[in-house]
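# Observations on the model geometry
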Amino acid sequence: MIINPDCIAMPGSIDSLVQTFENSKGRIGIVEGRQWPFEHPKEFKIDTKHTPWASGAFALISSNFYKEVDGMDENYFLYTEDVDLSWRAWLQGYEVLYERTAEVVHFTGGAFYDEDQVEVEKFYSLRNFLYISHKFFGAAGLTTAKRQMHLTLPKQFVNEIFRAFREMPNRSQTFKFGHLKRHRQVKITGVNLYHELRAK
Amino acid sequence: MIPVFVTDAQKLGLEKFLANNEDQSFVQDFMGSFDSAFERCLGDQECEFAVFASEHMVLPRNFQRYLSEAIESLDYRRHSWGAIGNFGITPFAFGMSHSNVVKYRNDVGSLVSVGAEALPSTSLFTDLVLINFDALRLAGVTTLVPHSKKEIEAAFAITMAEARLGMIVSPKLATFSLSAREFPSSRTFKLSRKLEQRLSEQSRYKTVSTVLGKHEITFSAKKSILERNLDFNQISLKENGPHPRKTISIVIRTQFRDKFLINRTIMSARSYAAQVPVGEIEIVVVSDRNPPWDIDLSEVTYIQMAEPEDRDTRFLLVELAGRKLTSDYLWFVDDDDWMFPNAASLLANTMTNLSKETLVLIGSRHFHERNLVVGQDRDPNTYQVSPGHYFSTRNFRLGLTGLNQIPFCSVLWPVNLIRAVSREAVDSVTYAEDFFLLLHGLSLAQQVAFVDRMFVGISIRENGNTVNETNRSKWHQSSAEISYFLSNTPSYGKLLSTYTREQIVNTGSTRPGLVRRLVALLRDPNAWRSARDLRLFSRVLSGELSPIELFRKILLILR
């Protein structure tokens, strides 16, 4: 189980993650808990609990799966590494679940930043957005990501992100999909947005 | 005797200064720029402090004594501050004008802006400034950062910030100025390329303000964002602290109606307390009944009313807390609110910059907690929370129009202010005691400070909130009681006569501004005015409420 240092697990939340893991019939890679009071605006299915990606703030991860995919990609350092792990789970035939009864208090930093401040979180997230776009969608994915960033962010800032991306070790690696060429749970919907819409 | 250098003055300027100032014994025979005076003092190991004044400044006769008092008041932090001025920008808003600009000087255009507080400053006008050269030398300052003549204030602020030295705007340096200088808050001031580059390599902000105006910062590729840590606000709050740290009691009023919610509130208070030095935060639960066994009251001070009362006890519990507790400040929260620990150190640092008689208003936000499935009570599978209206301290004056714009949990009360409430008011006002107390606090507080950040989350649910009660008779009764006390308490009259609803709502005077404000008034979920039904429609327009939910609520109202 992984949990952020700024999270407080509510009573019963860890039991709930474990129970979901044990009771599920599928091949489970990750079970993610729910964050409160800033709930992730994410896509999930109420009946199957399927979600395209699980936040690393509070999640139970199958050690078999974790070993099989050789753990986290250390190139990220922080931010987006959880999306990467989730996508690799789906692509390797594991399920990623969202368990709403496992509640964790997470006073996420993003809600407290000044609007005109470039936070380290924003910086890493955007740099890693380029990396994940390239890793999963190849050169075409990287081109699209760069174009989107140019459209939405100040030029100087974008240049700085590009520079940081160029300095990343192993930035050129792309994920080998194996027998899967496409997966409906692996999708980017905008700059640093991955399946942002909640399923009704 | 602290030397005074009349800077940027030629012979005529110096003569003008001498003609306008009776006591001239401390004026140095110096004609030169601010920069040359700065370097001369910095190079002179004997020069501990010096005042730089422009020719248009008229000093009080006892200026030397006032300077000594200003220095003595900061003596325990002698090497953490670099300069004291009388006109600057504070990192938080202050005074009834809710302004970040503090001016302790009269001039031909206006009077001093507030009174009686030494406050941290992120930037000072340098036409009157006391510089702590001893601290500058210790911090390794060798010169001012390179600048053009017109941007001296920006260069001075950057030099101090780079040295991590605080600046203070102090009433002890109050003067009269023959030049009416203003703070151009809305003006963008373009810095020279060199200075802007220096800022852009160190700041994570896209805009930085000094007394010269707003400076837009472009991103420089020379230094990584991760290495940029020059934050004027943070430095001024951390390095100054002209006042001692404060103790705060977080007081949770409860009748233990919902175990889940009260436990959640206590848990967040514990998390909040863990972010500041031990002993600064006391968690208090105050109630009119016995606590159930399954409420975790460890590390909590529990206060219970001696006798059960056959009336609404919320005001009585406030009065009881004021009588029993000894912290500098009381922070009342409801038993379904929560505090954000992320913001704890910011508030604690800000409080060290205020006297303990200052009423402190902070930001808070509504969070709508609701079940997606009708009829179920907090089923984790269907329960949803979403951020709602943010109560900015900027709107606090709307409270003087009858709208409660500052929720009760958004006020940190000097304990003496709570003790000063009359017993008759406590006995008469039941609902809306928070609104009454806010008016009481604004009337009697020595000063008011505002930290416009989100510190508290307020739970809004479909039931269980008195603010949602459909029967408004108790609210109306309280309004009548409040009306009596406001009209019959002399100390309240002065405040209330300052603002009228028309003046406040029409501030800005443009039609879109008025419409915007009216919409804000209608949408305000914490107001109990007759516009309640209209607010529902405005929420539909803003997307907060679906038409079906609106229909359901109208049915509820009609019933």
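Figured I'd write up the structure that's included with this text. Given the structure is predicted, the values throughout are model-derived calculations rather than measurements.

Moving on: the sheet that holds strand β3 (residues 57-58) of chain B. Residues and elements named next belong to chain B. Ordered in space as β3-β12-β7, the three strands form an open sheet in which the pairing is mixed. With one partner strand each, in any of the chains shown, β3 and β7 (105-107) form the two edges of the open sheet. Bridging between β7 and strand β12 (residues 175-177) involves three bridges; their strand directions are parallel. What sits directly across from D107, in β12, is S177.

Glancing now at the side chain of S478(B). All names here are of chain B. Relative to the helices and strands, S478 is located in helix α14 (residues 473-488). Here S478 falls in the buried class, since its relative accessible area comes to 1%. A polar side-chain atom of S478 sits 3.4 Å from a polar atom in the side chain of T430.

Another point: the packing of helix α9 (residues 314-324) of chain B against helix α13 (residues 433-444) of chain B. Think of two packed helices as two axes; the pair is described by the angle between the axes and how far apart they sit. Residues and elements named next belong to chain B. Packing of α9 against α13 brings their axes to within 10 Å, and their N-to-C directions diverge by 45 degrees. Here α9 lies oblique to α13, going by the angle between them. Residues R314, F315 and V318 of α9 lie in contact with α13, whose contacting residues are E433, F436 and L437. In terms of residue class, the contact of α9 with α13 is built from four nonpolar, no polar and two charged.

Accessible area lost during the coming together of the parts is what is often quoted as the interface size. On the chain B side, the residues contacting the 31 residues of chain A number 33 residues. Together, the buried faces of chain A and chain B total about 3000 Å²; carbon and sulfur atoms form 61% of this surface. Summed over the three residues of chain A that lose the most area to chain B, namely W36(A), F107(A) and F112(A), the buried surface amounts to 20% of that side. At the junction of chain A and chain B, the tally comes to one salt bridge. Between E160(A) and R228(B) there is a salt bridge, with the nearest N and O atoms lying 3.1 Å from each other. Across the chain A-chain B interface, the total number found is three residue pairs in polar contact (both at pLDDT 80 or more). Among the elements of the structure, β3 (28-37), β5 (95-106), α4 (120-152) and α5 (155-166) of chain A are those that each provide at least two residues to the side of chain A that touches chain B. Broken down by element, the residue count for the side of chain A that touches chain B peaks at five residues, all from β5(A). Residue classes in the side of chain A that touches chain B are distributed as 14 nonpolar, five polar and twelve charged.

Okay, the state of the cysteines next. Residue and element names in this part refer to chain B. Tallied over the entire structure, the rule returns zero disulfides over all chains. Take C41: it sits in no disulfide, and the sulfur closest to it among the cysteines is that of C47, at 3.8 Å. A residue is classified by how much of its surface remains accessible, and C41, at 2% relative accessible area, is buried.

Procedures and definitions
Residues numbered from 1 in each chain as written. Chains lettered and ligands numbered in written order. Predicted model: local features only at pLDDT ≥ 70, side-chain atom pairs only at ≥ 80, totals over all residues. Heavy atoms only, no water. Pairing = 2+ DSSP bridges. Helix = DSSP H or I, 4+ residues; strand = E, 2+ residues; numbered from the N terminus. Buried < 20%, exposed > 50% of the residue type's maximum accessible area, 1.4 Å probe, protein only. Polar contact = N/O pair within 3.5 Å; in protein donor to acceptor, adjacent residues only side chain to side chain. Axes fitted to C-alpha atoms, helices over the stretch in contact; angles between N-to-C directions. Parallel < 35°, antiparallel > 145°, perpendicular 65-115°, else oblique. Contact = heavy atoms within 4.5 Å. Nonpolar A, V, L, I, M, F, W, Y, C, P; charged D, E, K, R; others polar. Buried area = accessible area lost by both parts, 1.4 Å probe. Salt bridge = Lys/Arg side-chain N within 4 Å of Asp/Glu carboxyl O. Disulfide = S-S within 2.5 Å.

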